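What follows is the residue order along each chain.
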Amino acid sequence: MAKRKLQSKRILLTGASSGIGYALAQQLVAAGNDILVVARREQRLISLQEATNECTGTIHCLAGDITSGDFRAEMIHWVDTNWDSTLDVLINNAGIGSHQAFADSKPEYLRQIMDVNVIAPLELIRGHLQQLRRGQSPAICNVGSVLGHVALPGNSEYCASKFALHGFSDALRAELSNEQIDVVLVSPSTTRTEFFDSLLAGPQAGKSDKGMSVQVVARKIVRAIEKGTRESILSWKALLGVWQDRIFPSLTSRQLASWYHRNSK
Ligand SMILES: NC(=O)c1ccc[n+]([C@@H]2O[C@H](COP(=O)([O-])OP(=O)(O)OC[C@H]3O[C@@H](n4cnc5c(N)ncnc54)[C@H](OP(=O)(O)O)[C@@H]3O)[C@@H](O)[C@H]2O)c1
């Protein structure tokens, strides 16, 4: 049974200018929610707003970089001013990746990935917590990855960031359990988005043609938030991989290492 219906809610969504975030915004505004969408590419956000202006809900755009403390303060101020300091749902979706052997990577990539995928979402939660406490059946949704459950060689920095988000979500869920604020961790596997075109290193041509569709992923995310699911791995294949890793960790490590060395020759 649903714990909340995502309808007429005040929702803050990061990373809405493309991919999963864009599809999520479309579905949430069609369901009649009031959404503040955030990303750096302002024109993309405006196009999203224009494309959905017939919907029952409303989209508000705020363009900026979530790794900037000043911009995060602007987001908090926006909610204070426009939504009477009240937020029902915070969705931390913005994320970046890199695909390269750690030995060949650069310190600035590690820092950038951790800043966008870990520090920014955690600081957004800290900054908006008081507003969420005033919300209607409030929830925080962190978009992780199946690589936050099973570590894939060649993606070490991204895995580090998504494992961090996973661990943080588990700890915070327990801390907030007596305040009825749900912490939902959703973990997509490969999804057809621009994610692979904007990797910091090792672009994989054609990769974005494979995987789940953004509409399916967005629908599953909405359902997980509505149910208040603690952890949702969004594909059966990924779920099997996660269970294999939990039950047979050494076997899984050996298989992944041999797959990696075969493919990186
Ligand atoms: N695609 C996959 O296969 C896959 C699989 C598992 C998990 N995920 C996760 O799903 C989430 C969404 O990714 P996606 O696949 O939809 O990728 P995407 O199409 O590349 O979207 C990423 C979004 O994050 C925003 N973003 C990146 N850096 C930002 C920053 N510094 N400040 C503000 N916004 C920023 C981008 O907007 P701007 O560039 O306009 O700022 C964009 O809207 C990510 O957390 C990703 O790790 C994706």
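Residues numbered from 1 in each chain as written. Predicted model: local features only at pLDDT ≥ 70, side-chain atom pairs only at ≥ 80, totals over all residues. Heavy atoms only, no water.

Here's the deal with a nonpolar patch on the surface
Taken together, Trp-243, Ile-247, Phe-248 and Leu-251 make up a surface patch of nonpolar side chains, about 410 Å² in accessible area. One can find Leu-251 in helix α8 (residues 249-263). Residue Leu-251 is classed as partly exposed on the basis of its relative accessible area, which comes to 35%. (Patch = residues over 30% accessible without salt bridge, like charges linked within 9 Å, V, L, I, M, F, W, Y side chains within 5 Å. Areas by Shrake-Rupley, 256 points an atom, 1.4 Å probe, with all protein chains shown as cover. Salt bridge = Lys/Arg side-chain N within 4 Å of Asp/Glu carboxyl O. Helix = DSSP H or I, 4+ residues; strand = E, 2+ residues; numbered from the N terminus. Buried < 20%, exposed > 50% of the residue type's maximum accessible area, 1.4 Å probe, protein only.)

Some remarks on the site of the ligand
Lining the immediate surroundings of the ligand are 31 residues, of which Arg-40, Asn-93, Tyr-158, Thr-191 and Thr-193 lie closest. Ile-20 places a polar main-chain atom, nitrogen or oxygen, 2.8 Å from an oxygen atom of the ligand. One nitrogen or oxygen atom from the side chain of Arg-41 is found 2.8 Å from an oxygen atom belonging to the ligand. Contact with the protein chains covers 96% of the free accessible surface of the ligand, which is 890 Å². Taken together, the residues of the shell around the ligand sort by class into twelve nonpolar, 14 polar and five charged. (Near = heavy atom within 4 Å. Polar contact = N/O pair within 3.5 Å; in protein donor to acceptor, adjacent residues only side chain to side chain. Nonpolar A, V, L, I, M, F, W, Y, C, P; charged D, E, K, R; others polar.)

Overview of helix α7 (residues 236-247)
The end-to-end C-alpha distance of α7 is 16 Å, a good match for the 16 Å that twelve residues give at a rise of 1.5 Å each. Among the residues of α7, those classed as buried are Ala-238, Val-242 and Asp-245. Axial view of α7: buried residues confined to an arc of 65°, hence all on one face. In α7, the exposed residues that point more than 90 degrees away from the buried face are Trp-236, Lys-237, Leu-240 and Ile-247. Among the structural elements, β7 (231-233) and α8 are those in contact with the buried residues of α7. (Expected span 1.5 Å × (residues − 1). Arc of directions from axis to C-beta. Contact = heavy atoms within 4.5 Å.)

A short note on the packing of aromatic side chains
Evaluated as defined, the whole model comprises three aromatic pairs. A centroid spacing of 4.9 Å and a plane angle of 90° characterise the contact between Trp-78 and Trp-83, whose relative ring orientation is edge-to-face. Of the residues examined, Trp-83 reaches a relative accessible area of 4% and is grouped as buried. Taken together through their ring pairs, the aromatic side chains of Tyr-158, Phe-195 and Phe-196 make up a single cluster. It is Arg-246 that lies over the ring of Trp-243; its NZ or CZ is 5.4 Å from the centre. (Phe/Tyr/Trp six-rings, centres within 6.5 Å; stacked < 30°, edge-to-face > 60°. Lys NZ or Arg CZ within 6 Å of the ring centre and 35° of its normal.)

Things to note about helix α1 (residues 19-30)
With twelve residues, α1 extends 17 Å from end C-alpha to end C-alpha; this agrees with the ideal 16 Å at 1.5 Å per step. Looking at α1, one finds that the buried residues are Gly-19, Ile-20, Gly-21, Ala-23, Leu-24, Ala-25, Leu-28 and Val-29. Those residues of α1 that are buried are in contact with β1 (10-14), β2 (34-39), α2 (42-51), β3 (58-63), β4 (89-92) and α6 (214-227). Just past α1, the residue Gly-32 takes up positive phi, approximately 95°.

Some words on the sheet that holds β7
The seven strands are arranged β3-β2-β1-β4-β5-β6-β7 in an open sheet whose pairing can be described as parallel. At either end of the open sheet lies a strand with only one pairing partner, and these are β3 and β7. Geometrically, the sheet is characterised by an average inter-axis angle of 15° between neighbouring strands, direction not taken into account. Judged from the four bridges that link them, β4 and strand β5 (residues 139-143) form a sheet pairing that is parallel. Bridging from a neighbouring strand, Ile-91 pairs with Cys-141 of β5. Where α2 meets the sheet, it contacts β2 and β3, and its direction lies at approximately 175° from that of β3. Contacting β1, β2 and β3, helix α3 (residues 69-82) crosses the sheet at an angle of about 150° to β3. (Pairing = 2+ DSSP bridges. Axes fitted to C-alpha atoms, helices over the stretch in contact; angles between N-to-C directions.)

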